[in-house]
Amino acid sequence: MSAYATNSPTPLNRGNWFTRAIDWMDGNGPGAWIALMVAGFIFAGPLGLVLLFFILFTGRFGRRWRKGGHQMTRSHGCGFGGRVHVSRTTGNAAFDAYKSDTLERLEREQSEFEEFLRRLRESRDKAEFDQYMEDRAKAAAHSDSEDNTAKA
């Protein structure tokens, strides 16, 4: 381990100095962004505002740390960069065929499930509407019987 080791899950030799700095800050968590923003406000007000807008517009807190610290989109040393491209071929024909079959099956299952949910919502809505109409008919019949007893 070198003297320049960080908590960053990505190697520091990728990209320019700006992307490396952002990766390093992302690797240290939201506390590092907050500390940098507060320091920016203390030492140079406009710099703090710039950092605040950068954090807000890039979604630094929302997309990574809201559901837990283990859902970062950066690479964890696998070399993929955190992104898997399903349309890319691997060069292995058997695996590519398996992958396409699996993706087609998953898409089919997703559409079947969405259709099931649609039917379930329709049946629930119909049951609620039928109950409403039944209650309304009972209320109308009850009010008619009260009107008839009041007239007599």
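The paragraphs below set out a description of the structure included in this document.

About the criteria used
Residues numbered from 1 in each chain as written. Predicted model: local features only at pLDDT ≥ 70, side-chain atom pairs only at ≥ 80, totals over all residues. Heavy atoms only, no water. Helix = DSSP H or I, 4+ residues; strand = E, 2+ residues; numbered from the N terminus. Buried < 20%, exposed > 50% of the residue type's maximum accessible area, 1.4 Å probe, protein only. Contact = heavy atoms within 4.5 Å. Areas by Shrake-Rupley, 256 points an atom, 1.4 Å probe, with all protein chains shown as cover. Axes fitted to C-alpha atoms, helices over the stretch in contact; angles between N-to-C directions. Nonpolar A, V, L, I, M, F, W, Y, C, P; charged D, E, K, R; others polar. Expected span 1.5 Å × (residues − 1). Core = buried A, V, L, I, M, F, W, Y, C linked by side-chain atoms within 4.5 Å. Parallel < 35°, antiparallel > 145°, perpendicular 65-115°, else oblique. Left-handed = near helix turned anticlockwise from the far one by under 90°. Patch = residues over 30% accessible without salt bridge, like charges linked within 9 Å, V, L, I, M, F, W, Y side chains within 5 Å. Salt bridge = Lys/Arg side-chain N within 4 Å of Asp/Glu carboxyl O.

## As for the overall build of the chain
Thinking step 1. For the chain, the count of helices and strands is 4 helices and 0 strands.
Thinking step 2. Counted from the first residue to the last, the chain has its helices and strands arranged as α-α-α-α.
Thinking step 3. Buried residues in the chain amount to 16% of all 152 residues.
Thinking step 4. For the chain, restricting intrachain contacts to residue pairs at least 6 apart in sequence, the fraction spanning at least 24 positions comes to 30%.
Thinking step 5. Total accessible area computed for the chain in this model is approximately 12,000 Å², and 61% of it derives from carbon and sulfur atoms.

## A few points about the packing of helix α1 (residues 17-27) against helix α2 (residues 30-43)
Thinking step 1. One way to put it is that α1 packs onto α2 with a least axis distance of 6 Å and a crossing angle of 115 degrees. Together, I22, M25 and D26 of α1 and A32, W33 and L36 of α2 make up the contact between the two elements.
Thinking step 2. Here the contact of α1 with α2 is built from residues that sort into 5 nonpolar, no polar and 1 charged.

## Points about helix α3 (residues 45-58)
Three or four residues apart is the spacing at which side chains of an α-helix point the same way, because the helix has 3.6 residues per turn.
Thinking step 1. Its 14 residues give α3 an end-to-end C-alpha distance of 20 Å, which sits within 8% of 20 Å, the value for a rise of 1.5 Å per residue.
Thinking step 2. For α3, the elements touching its buried residues are α2.
Thinking step 3. Following α3 by one or two positions, G59 has its phi on the positive side, about 65 degrees.

## Thoughts on the nonpolar core
Nonpolar side chains in soluble globular proteins generally cluster together in the buried interior.
Thinking step 1. Ranked by size, the top nonpolar core spans 7 residues in total: I22, M25, A32, W33, M37, L51 and I55.
Thinking step 2. Elements that contribute at least two residues to this core include exactly α1, α2 and α3.
Thinking step 3. Excluding anything up to four places from it in sequence, L51 contacts L36 and M37.

## A few points about the packing of α2 against α3
Thinking step 1. One way to put it is that α2 packs onto α3 with a least axis distance of 5 Å and a crossing angle of 150 degrees. One element, α2, and the other, α3, form an angle in the roughly antiparallel class. Both α2 and α3 take part in a crossing whose hand is left-handed. Two secondary-structure elements touch here, α2 through W33, L36, M37, G40, F41 and F43 and α3 through G45, L47, G48, L49, L51, L52, F54 and I55.
Thinking step 2. In terms of residue class, the contact of α2 with α3 is made up of 11 nonpolar, 3 polar and no charged.

## Looking at a nonpolar patch on the surface
Thinking step 1. Residues F41, L49, F53, L56 and F57 make up a contiguous nonpolar surface patch of roughly 550 Å² in combined accessible area.
Thinking step 2. In terms of residues, the nonpolar patch owes the most to one element, α3, which gives 4 residues.
Thinking step 3. If you trace the backbone, L49 turns up in helix α3.

## Remarks on the pattern of salt bridges
Thinking step 1. With the rule as written, the count across this model stands at 5 salt bridges.
Thinking step 2. The partner of R118 in a salt bridge is E115, with the nearest N and O atoms 2.2 Å apart. Pair noted here: R118 and E115 are both in helix α4 (residues 93-151), with a separation of 3 residues, about one helical turn.
Thinking step 3. Residue R118 is classed as partly exposed on the basis of its relative accessible area of 35%.
Thinking step 4. When salt bridges that share partners are traced, they join E115, R118 and E122 into one network.

By themselves, these figures tell us nothing about what the structure is for.
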